[in-house]
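Descriptive analysis of the structure
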Amino acid sequence: MRLIIQKDYDKVSQWAANYVARAILDFKPAKNKPFILGLPTGSSPLGMYAELIKIYKKGIISFKNIITFNMDEYVGLPEDHTESYHYFMWNNFFSHIDIPKENVNILDGNAKNLDAECALYEEKINAAGGINLFIGGIGPDGHIAFNEPGSSLGSLTRVKTLTNDTIIANSRFFDNDVTKVPKTALTVGVKTVLDADEVLVIISGHGKARALYKVVEEGVNHMWTVSALQTHPKGIIVCDDASTVELKVGTVNYFKDIEASHLDPATLLK
């Protein structure tokens, strides 16, 4: 597992966007060979999306031959609700790039049969050939997508009841009113994420420091589902200095020394 430590959130966002762009360019996607990208919502990837839009507008990359699968969606929110993940993705990313609408896949939280919707999502991923790169963020309790503490590390896309901690954390998007936050969501599973060829997790801020410590310095634990990233052959965490405050100084220095020999993906775009 690689740990990329950047100065602040802006640098984290730039690094992540440059890595995604480099992965797309190296893959050389075509109509008959699309690049399959897994995407998150929330505050963590917002900066990355803004940077990817800049890279696209410079003409460096195109999304015409990209197929995306989002991680999750609330149950019961209309797609045009300002806090639905459909709205989030089109407002913050998809409407600013050249991705065809038919290439976008987001779980339908209003499906008549939610279990069938989840099964179909897994089938779509498999039919596309699997995900090449899955981007993720985490919650303060170390959950990835909506795989709350205690979730099976072998889980696939399913209906998930949200914990009170997650509801409280997400209430900031619902006028700080916990009663407005949906209590269930559809989410890809931990295994769904780990089945991707590569996984890149964005972690920033002091509030995520405990989770970063758990995934880097402790073992795999289903109570901190992001820790399953340790088992992935191509797992990457890009984080900021603020999120490393619970790591040992030796751990931070170790990963900084290792990464000093790697090229910054930004240099590869020039």
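To start, this report covers the structure provided alongside it. Keep in mind that this is a model prediction, so the values were computed, not measured.

Brief notes about the overall build of the protein chain
Looking only at helices and strands, the protein chain features eight helices and ten strands. Expected size for 270 residues packed as a compact globule is a radius of gyration near 18 Å; at 18 Å, the protein chain falls within 12% of this value. Principal-axis analysis of the C-alpha atoms gives the protein chain an extent of 50 × 40 × 35 Å. The proportion of buried residues among the 270 residues of the protein chain is 54%. Across the protein chain, the fraction of contacts at a sequence separation of at least 24, relative to all contacts at a separation of at least 6, is 79%. Accessible area for the protein chain stands at about 12,000 Å²; split by element, carbon and sulfur atoms hold 52% of it. For the protein chain, the centre of its 27 positive side-chain charges and the centre of its 32 negative side-chain charges are spaced 5 Å apart.

Here's the deal with the nonpolar core
Counting 45 residues, the largest nonpolar core has M48, F93, F94, L133, I135 and L200 as the members making the most contacts within it. Elements with a contribution of two residues or more to this core: α1 (9–27), β2 (35–39), α2 (46–57), α3 (85–92), β6 (133–137), β9 (198–203) and β10 (235–240). The element contributing the most residues to this core is α1, with nine residues. Excluding anything up to four places from it in sequence, F94 contacts L39, T68, N70, M89, I99, V104 and I106. F69, L107, A145 and V193 belong to the second largest nonpolar core, which has 36 residues in total.

Points about helix α4 (residues 114–128)
Here α4 spans 21 Å end to end across 15 residues, near enough to the 21 Å set by a 1.5 Å rise per residue. Among all positions of α4, only E117, C118, Y121, E122 and I125 are buried. Taken down its axis, α4 places every buried residue within 140° of arc, on the same side. Opposite the packed face of α4, turned more than 90 degrees from it, sit the exposed residues D115, N126 and A127. Contacts from the buried residues of α4 go to β3 (66–70), β5 (104–105), β7 (158–161), β8 (184–187) and α6 (190–194).

Rules and cut-offs
- Residues numbered from 1 in each chain as written.
- Predicted model: local features only at pLDDT ≥ 70, side-chain atom pairs only at ≥ 80, totals over all residues.
- Heavy atoms only, no water.
- Helix = DSSP H or I, 4+ residues; strand = E, 2+ residues; numbered from the N terminus.
- Rg over C-alpha atoms; globule rule 2.2 N^0.38 Å.
- Buried < 20%, exposed > 50% of the residue type's maximum accessible area, 1.4 Å probe, protein only.
- Contact = heavy atoms within 4.5 Å.
- Areas by Shrake-Rupley, 256 points an atom, 1.4 Å probe, with all protein chains shown as cover.
- Lys, Arg positive; Asp, Glu negative; His and termini not counted.
- Charge placed at Lys NZ, Arg CZ, Asp CG, Glu CD.
- Core = buried A, V, L, I, M, F, W, Y, C linked by side-chain atoms within 4.5 Å.
- Expected span 1.5 Å × (residues − 1).
- Arc of directions from axis to C-beta.

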